[in-house]
Amino acid sequence: MKKQINLILFYFQLVLGIVFGVSQIIHMINNSTQGLSLSMFIFAFLFVSINFTLGLGAHRVRASTVTKQILIVLIIGVVVYFLFSLVLAIKAEVMWDLNDTITTIIVLLFSAANFIYGRYKKIKIFDPIIKGNYSLIFKSIPQLFLAYKISKNGGHGLDVIMIFSFHALTLARIFQIFQSIFEAGWDRNRIGLAISEIGNEITWTIVTIVRFV
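Below, the structure is looked at part by part. (Residues numbered from 1 in each chain as written. Predicted model: local features only at pLDDT ≥ 70, side-chain atom pairs only at ≥ 80, totals over all residues. Heavy atoms only, no water.)

Attention now goes to the overall build of the chain. Looking only at helices and strands, the chain features 7 helices and 0 strands. When the helices and strands of the chain are read in sequence order from the N terminus, they spell out α-α-α-α-α-α-α. For a compact globule of 213 residues, the expected C-alpha radius of gyration is about 17 Å, and the chain comes in at 17 Å, within 12% of that figure. Reported as C-alpha extents along the three principal axes, the dimensions of the chain are approximately 45 × 45 × 30 Å. Residues classed as buried in the chain amount to 54% of the 213 residues present. Surface exposure of the chain reaches about 10,600 Å², of which carbon and sulfur atoms provide 73%. The positive charge centre, built from 18 side chains, and the negative charge centre, built from 9, are 10 Å apart in the chain. (Helix = DSSP H or I, 4+ residues; strand = E, 2+ residues; numbered from the N terminus. Rg over C-alpha atoms; globule rule 2.2 N^0.38 Å. Buried < 20%, exposed > 50% of the residue type's maximum accessible area, 1.4 Å probe, protein only. Areas by Shrake-Rupley, 256 points an atom, 1.4 Å probe, with all protein chains shown as cover. Lys, Arg positive; Asp, Glu negative; His and termini not counted. Charge placed at Lys NZ, Arg CZ, Asp CG, Glu CD.)

Here is the structure:
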């Protein structure tokens, strides 16, 4: 029964991930890019890329069907966010604005603080929890600025299907991450993944509230 549930959840993420990506790309091309941010998509690409390395580390510590599924879903995420960045760079009337610059500066400042913290604690540069912190920074801060930008300019560039499929995909990944933790224990790769994805869901909830209020 447990294997069947995992398989259903995996295929659910595959299908929804494709719907998530295709619907948002079509929306950006045919409708609007209002409220969207190139910096957010670029940092989201870095977020899923870092999480892929954390998933790979978790898989090496203790391989399982769940860790394989997490890796496949994250690969799809890398491709999707690369395409989002490309389409927005081509389609947006203003490719890079002041909010992008401010977001990038704050992300870099928090990243520098994370690096200094790691050096002060004598933690390896590529330690999984340090990487998880970078991933959290790359995803959460741009999404908070996206919420601010939407509150000022509107958010019609965000497709409704994308908004809610994003929640479903993130919650499914969090479920799988904790399932992997229950199987293998709290190794640092799994902790890093949990930190980044929980922060991702919290800040996207803020974006969702602002978009519909």
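Summarising the element assignment, Lys149 is placed in helix H5 (residues 128-153). Residue classification places Lys149 among the buried positions, given a relative accessible area of 8%. Excluding its chain neighbours within four sequence positions, the residues that come into contact with Lys149 are Gly35, Leu36, Ser37, Asp97, Asn99 and Gly154. (Contact = heavy atoms within 4.5 Å.)

So, about the nonpolar core. Within the largest apolar cluster, 27 residues are counted, with the highest numbers of intra-cluster contacts made by Phe20, Met28, Phe41, Tyr81, Phe84, Leu158 and Trp204. Looking at this core, the elements with two or more residues in it are helix H1 (2-30), helix H2 (38-61), helix H3 (65-91), H5, helix H6 (160-184) and helix H7 (188-212). The dominant element in this core, judged by the number of residues it contributes, is H2, at 6 residues. When residues no more than four places from it in sequence are discounted, the contact partners of Leu158 are Gln24, His27, Gln34, Leu36, Leu146, Ile150, Ile163, Trp204, Val207 and Arg211. Counting 18 residues, the second largest nonpolar core, distinct from the first, contains Phe43, Ile123, Phe145 and Ile177. (Core = buried A, V, L, I, M, F, W, Y, C linked by side-chain atoms within 4.5 Å.)

This brings us to the packing of H6 against H7. Two numbers describe how H6 lies on H7: the axes approach to 10 Å, and their chain directions differ by 160°. Classed by the angle they form, the pair H6 and H7 counts as roughly antiparallel. Considering how the two elements wind past one another, H6 and H7 form a crossing that is left-handed. Taken together, the residues of the contact of H6 with H7 break down into 16 nonpolar, 6 polar and 5 charged. (Axes fitted to C-alpha atoms, helices over the stretch in contact; angles between N-to-C directions. Parallel < 35°, antiparallel > 145°, perpendicular 65-115°, else oblique. Left-handed = near helix turned anticlockwise from the far one by under 90°. Nonpolar A, V, L, I, M, F, W, Y, C, P; charged D, E, K, R; others polar.)

Taken as a whole and judged by the stated rule, the model has 13 aromatic pairs. Here the aromatic rings of Phe41 and Tyr81 are separated by 6.4 Å at their centres, their planes lie at 45°, and the arrangement is tilted. Residue Phe41 is found in helix H2, and its partner Tyr81 is found in helix H3; the two are separated by 40 residues along the sequence. Each member of the pair, Phe41 as well as Tyr81, is classed as buried. Taken together, a centroid distance of 5.9 Å and an interplanar angle of 80° make the contact between Phe178 and Trp186 edge-to-face. Classification of Trp186 as exposed rests on a relative accessible area of 53%. By the ring-pair criterion, three or more aromatic residues cluster together here, those being Phe20, Phe41, Tyr81, Phe84, Phe166 and Trp204. Here the basic side chain of Lys139 rests over the ring of Phe47, its NZ or CZ set 5.4 Å away from the ring centre. (Phe/Tyr/Trp six-rings, centres within 6.5 Å; stacked < 30°, edge-to-face > 60°. Lys NZ or Arg CZ within 6 Å of the ring centre and 35° of its normal.)

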